[in-house]
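Fold and geometry: a report
Here is what each chain is made of, one letter per residue.
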Amino acid sequence: MPHKAHDRTLAIPRETLDSGRFRKANASLVVLQGAEIGRDFRLRRMVTVLGRSPDADVRILDDLASREHVRISVKWDREHRRATFHLTDLGSTNGTLVNNRRVESMELSEGDKIQIGGTVLKLVLLDEIEARYHEEVRHRITYDQLTGLLTRESLYLALEMELRRCRKYDLPLAVLMMDLDHFKSVNDTHGHLMGSHVLSEVGRLIRESIRMDDVSARYGGEEFLAYLPERSAGEALRAAERIRRAIQLEPIRLDGVTVGITISIGIASFPEHGQDLKALVGHADRELYRAKKAGRNRVCGAAATRPRSGA
């Protein structure tokens, strides 16, 4: 049976393959946590200074960063035909962490996470296609104006990138799906202005209850979503309990009116409950439904033998 023309395999010219398009030729620092999450800074210079100063090569918008915080030097290794990257702390006030360890000077490897104040950057080596993908991600990262958290779409973009890293290095990750309990009654009783204030305060409490490199978003309405890199199911359960308790114990006041609110949370763990975003969010959502059905104001997840509640 003759093959149709559109069924033929297209051959890539050898000169295209040899052009460097698919080589890891672009070194970048990708912001995993901080004011410019999702942005990547190309290491095009032999020496790059990171800091809070407007004159720094890479400006870190973080009050905990020193004006000139850290230097990254790039050298060409002739023997191995590759670039090497060396980090030096420039006597910063709050120090520099690499992979959660304080350092003064060290050679960096691909995937290393650099923490400057509350900002976390990851060293990545990208080919041309990956570099364009990161640029697209940066343009699409947006924040919810009411809560200060990421939008759902932006969190999905960031989570997809994090899942790639977790699969590559065999690291755990947890997803939290959260929903405010009886939120409609707040709007019905106190009006939408109070409802908006409650959402804003809950966004703040979620941010304050998780680590600097955890990422949270407003999922829609009164629902929230977060992912916690390198967290086991047990660690995720403890983090979720912190969020739940913080919201339950915080009276929310506006114009002399005080309301109390609680939240229900479902947990999913990578890789136990799925290998991709859809499977993990789906599992966390089912655990959230279980928490609601069990009485609300509680956490349900794999590490819990029964629904947890502080009521």
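All values derive from a computational prediction rather than experimental measurement.

Description of the overall build of the chain
The secondary structure content of the chain amounts to seven helices and 20 strands. Evaluated residue by residue, the chain yields a buried proportion of 48% over its 311 residues. Here the contacts in the chain between residues at least 6 apart in sequence split such that 58% fall between residues at least 24 apart.

Some words on the sheet that holds strand S10 (residues 113–116)
The sheet built from six strands is open, its strands ordered S2-S1-S11-S10-S7-S8 with antiparallel pairing. Two strands lie at the open edges of the sheet, namely strand S2 (40–42) and strand S8 (101–103), each paired on one side alone. Averaged over all adjacent pairs, the angle separating strand axes in this sheet is 30 degrees, with direction ignored. In this structure, strand S1 (residues 26–33) lies alongside strand S11 (residues 119–126), joined through seven bridges in antiparallel fashion. Across the sheet, residue Ser28 finds its bridge partner in S11, namely Val124.

Quick notes on the pattern of salt bridges
All chains considered together, the criterion is met by 16 salt bridges. Where Arg218 meets Asp144, a salt bridge forms, and the shortest distance between an N and an O atom there is 3.5 Å. You can see Arg218 sitting in strand S14 (residues 215–220) and its partner Asp144 sitting in the loop between helix H2 (128–140) and strand S12 (150–151), a full 74 residues away along the chain. The same class applies to Arg218 as to Asp144, namely buried. We note a salt bridge from Arg244 to Glu241, for which the minimum N-O separation is 3.2 Å. One end of the pair, Arg244, and the other, Glu241, are both in helix H6 (residues 233–249), three residues apart, so they sit about a helical turn from each other. The structure contains a network of salt bridges with shared partners spanning Lys113, Glu162, Arg165 and Glu230.

A word on helix H7 (residues 277–293)
Working note: α-helix, 3.6 residues per turn, so residues spaced by three or four point in the same direction. End to end, H7 covers 24 Å across 17 residues, agreeing with the expected 24 Å (1.5 Å per residue, within 8%). Residues Leu277, Leu280, Val281, His283, Ala284, Glu287, Leu288, Ala291 and Lys292 constitute the buried set of H7. Against helix H3 (152–169), strand S13 (173–180), S14, strand S15 (223–229), strand S18 (263–270) and strand S19 (298–300) lie the buried residues of H7. Where H7 ends, the next residue or the one after it, Gly295, has phi of about 130 degrees, a positive value.

Describing the confidence of the model for the chain
Of the residues in the chain, 83% reach a pLDDT of 70 or more, and the chain-wide mean stands at 85. Segment residues 14–22 is flagged for pLDDT under 50; beyond a separation of four residues in sequence, or across chains, it makes 10 contacts in the model. Residue range residues 304–308 is modelled with pLDDT below 50. Its contacts to residues more than four positions away, or to other chains, number 11 contacts.

Examining the packing of aromatic side chains
Considering all chains together, one arrives at one aromatic pair under this definition. Considering the side-chain rings of Tyr156 and Tyr219, the 6.3 Å spacing of their centres and the 65 degrees angle between planes classify their relative orientation as edge-to-face. Placement of the pair is Tyr156 in helix H3 and Tyr219 in strand S14, with a sequence separation of 63 residues. Overall, Tyr156 belongs to the partly exposed group, its relative accessible area being 24%. Stacked on the ring of Tyr219, the Lys or Arg Arg152 has its end atom at 4.8 Å from the ring centre.

Comments concerning the pairing of S15
With six of seven residues buried, S15 lies mostly within the body of the structure. The pairing of S13 with S15 spans seven bridges and is antiparallel. Its bridge partner lying in S15, Met177 is registered against Leu225. Following S14, the chain reverses through two residues before pairing antiparallel with S15; Gly221 in that reversal takes a positive phi of roughly 60 degrees.

Quick look at the environment of Leu125
Looking at the element boundaries, Leu125 is found in strand S11. Sequence separation between Leu125 and Arg42 is 83 residues, and the spatial gap between their C-alpha atoms is 9.8 Å.

Considerations on unusual backbone geometry
Looking along the chain, the bond that leaves Phe270 and enters Pro271 is cis, with omega of 5 degrees. Here Pro271 is to be found in the loop between S18 and H7. Although it is not a glycine, Arg296 sits at a positive phi angle of roughly 70 degrees. Its location among the elements puts Arg296 in the loop between H7 and S19. Exposure remark for Arg296: the relative accessible area of 32% places this residue in the partly exposed category.

Thoughts on the side chain of Arg244
For Arg244, a relative accessible area of 2% translates into the label buried. In this structure the side chain of Arg244 is engaged in a polar contact, spanning 3.1 Å, whose partner is the side chain of Asn297.

Rules used throughout
Residues numbered from 1 in each chain as written. Predicted model: local features only at pLDDT ≥ 70, side-chain atom pairs only at ≥ 80, totals over all residues. Heavy atoms only, no water. Helix = DSSP H or I, 4+ residues; strand = E, 2+ residues; numbered from the N terminus. Buried < 20%, exposed > 50% of the residue type's maximum accessible area, 1.4 Å probe, protein only. Contact = heavy atoms within 4.5 Å. Pairing = 2+ DSSP bridges. Axes fitted to C-alpha atoms, helices over the stretch in contact; angles between N-to-C directions. Salt bridge = Lys/Arg side-chain N within 4 Å of Asp/Glu carboxyl O. Expected span 1.5 Å × (residues − 1). pLDDT = per-residue confidence, 0-100. Phe/Tyr/Trp six-rings, centres within 6.5 Å; stacked < 30°, edge-to-face > 60°. Lys NZ or Arg CZ within 6 Å of the ring centre and 35° of its normal. Polar contact = N/O pair within 3.5 Å; in protein donor to acceptor, adjacent residues only side chain to side chain.

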